[in-house]
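Structural characterization, general
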Amino acid sequence: NKAKLFDYIDGYFAKIKKFINSQGIKYSLIHSHYWLSGIIGIRLAQSLNIFHFVTFHTFAQIKSRYSSDDNDALPRQSTERELMSLVDGLVCSCESEKRDLIQIDEKNVNKIHCVGGGVDLERFRPLNKIESRKKLQISSNRVIFFAGRIEPFKGIDLLIESISHVEKIETGEAKLFIVGRWTDRQYFNSIEAKIKELKLSNAINFIGPVGHNQIPLYYNSADITIVPSFHESCGLVALESMACGTPVIAARTGGLVENVLDGVTGYLISSRCPEMYAE
């Protein structure tokens, strides 16, 4: 459970420090990702007297606006604030994330560097849809795709509700494919129960986690990719899908607003209403 990772920080720091000493490598900069790595990064930076930049990707303070299930929220919020004041630079992936950083603590505005997210266009590119489906043994006429962790913040329940309103799902012409790992067994069980209640068991396929080299095949097999998250700092799934030529239906939030061209590369949905997504 990710909430328990905090207990391993001291041991992890000791092993990283031992590795650095054993390699005899001189580092000029540490770039840590996520708040837990930030704690280790700041200790290393202070120990080695070098620069430290951090990318948070998500903020507890922002997540708490949308969800109450983040059980690491309180220690995380205070730690993120402390890290912001201690690091040499804050790297974010979109202007909305920059605004969030300023809102949390405006004193750090001069530390912020906005670097847009990107994808490897040699890996994520348009491929033949029929061939892609054949490789993945997908026989559906219409393929709806979701990639991400199966957790409340990613909007899986909204996705399931939305699918139940899609006419082609009822006729069996369309199917939903979900790629990703569940992080909460209780939540996953509730999603499975909802699927049974809505009689969607034959329309939804849980693929589980897949290798990075397989993901482009899924994007290229899909007619649309859905990103119904409560919030996304960047929305890499949307970028990867669009790079493969597959349009995106996404929540109008965070970096998705900047990355999805509404009506051109996809649609941005303001409401968390299943009927809107289904339409």
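Residues numbered from 1 in each chain as written. Predicted model: local features only at pLDDT ≥ 70, side-chain atom pairs only at ≥ 80, totals over all residues. Heavy atoms only, no water.

The next point concerns the overall build of the chain. Helix and strand content of the chain: 13 helices and 10 strands. In terms of overall dimensions, the chain is globule-like: its C-alpha atoms have a radius of gyration of 20 Å, near the 19 Å expected for 279 residues. Within the chain, contacts between residues separated by at least 24 positions form 62% of all contacts whose residues are at least 6 apart in sequence. As presented, the chain carries roughly 14900 Å² of accessible surface, and 52% of it is formed by carbon and sulfur atoms. Of the charged side chains in the chain, 33 are positive and 32 negative, and the gap between their average positions amounts to 6 Å. (Helix = DSSP H or I, 4+ residues; strand = E, 2+ residues; numbered from the N terminus. Rg over C-alpha atoms; globule rule 2.2 N^0.38 Å. Contact = heavy atoms within 4.5 Å. Areas by Shrake-Rupley, 256 points an atom, 1.4 Å probe, with all protein chains shown as cover. Lys, Arg positive; Asp, Glu negative; His and termini not counted. Charge placed at Lys NZ, Arg CZ, Asp CG, Glu CD.)

Tallied over the full model, the rule gives 10 salt bridges. Between Glu232 and Lys154 there is a salt bridge, with the nearest N and O atoms lying 2.8 Å from each other. Linking Glu232 in the loop between β8 (224-227) and α11 (236-243) with Lys154 in the loop between β5 (142-147) and α7 (156-164), this pair joins segments that are 78 residues apart in sequence. Across this residue pair, the class does not change: Glu232 and Lys154 are buried. (Salt bridge = Lys/Arg side-chain N within 4 Å of Asp/Glu carboxyl O. Buried < 20%, exposed > 50% of the residue type's maximum accessible area, 1.4 Å probe, protein only.)

Moving on, we get to the packing of aromatic side chains. Summed over all chains, the structure comprises seven aromatic pairs. With a centroid separation of 5.9 Å and an interplanar angle of 15 degrees, the aromatic rings of Trp182 and Phe188 are classed as stacked. Ring pairing ties together the aromatic residues Phe124, Phe145, Tyr218 and Tyr219, which thus form one cluster. The side chain of Arg272 reaches across the aromatic face of Phe230, ending 3.9 Å from its centre. (Phe/Tyr/Trp six-rings, centres within 6.5 Å; stacked < 30°, edge-to-face > 60°. Lys NZ or Arg CZ within 6 Å of the ring centre and 35° of its normal.)

Further remarks concern helix α9 (residues 185-197). In this model α9 runs 18 Å from its N-terminal to its C-terminal C-alpha over 13 residues, within 8% of the 18 Å that 1.5 Å per residue would give. When we look at burial in α9, the residues that qualify are Tyr187, Phe188, Ile191 and Ile195. Each buried residue of α9 sits inside an arc of 100 degrees when the element is viewed along its axis, so together they form one side. Set apart from the buried face of α9 by more than 90 degrees, the exposed residues are Gln186, Lys196 and Glu197. Elements in contact with the buried residues of α9: α7 and β7 (204-208). The N-terminus of α9 is capped by Asp184, whose side-chain oxygen sits 2.9 Å from the backbone nitrogen of Gln186. Trailing α9 by a residue or two, Lys199 shows a phi angle of about 55 degrees, which is positive. (Expected span 1.5 Å × (residues − 1). Arc of directions from axis to C-beta. Polar contact = N/O pair within 3.5 Å; in protein donor to acceptor, adjacent residues only side chain to side chain.)

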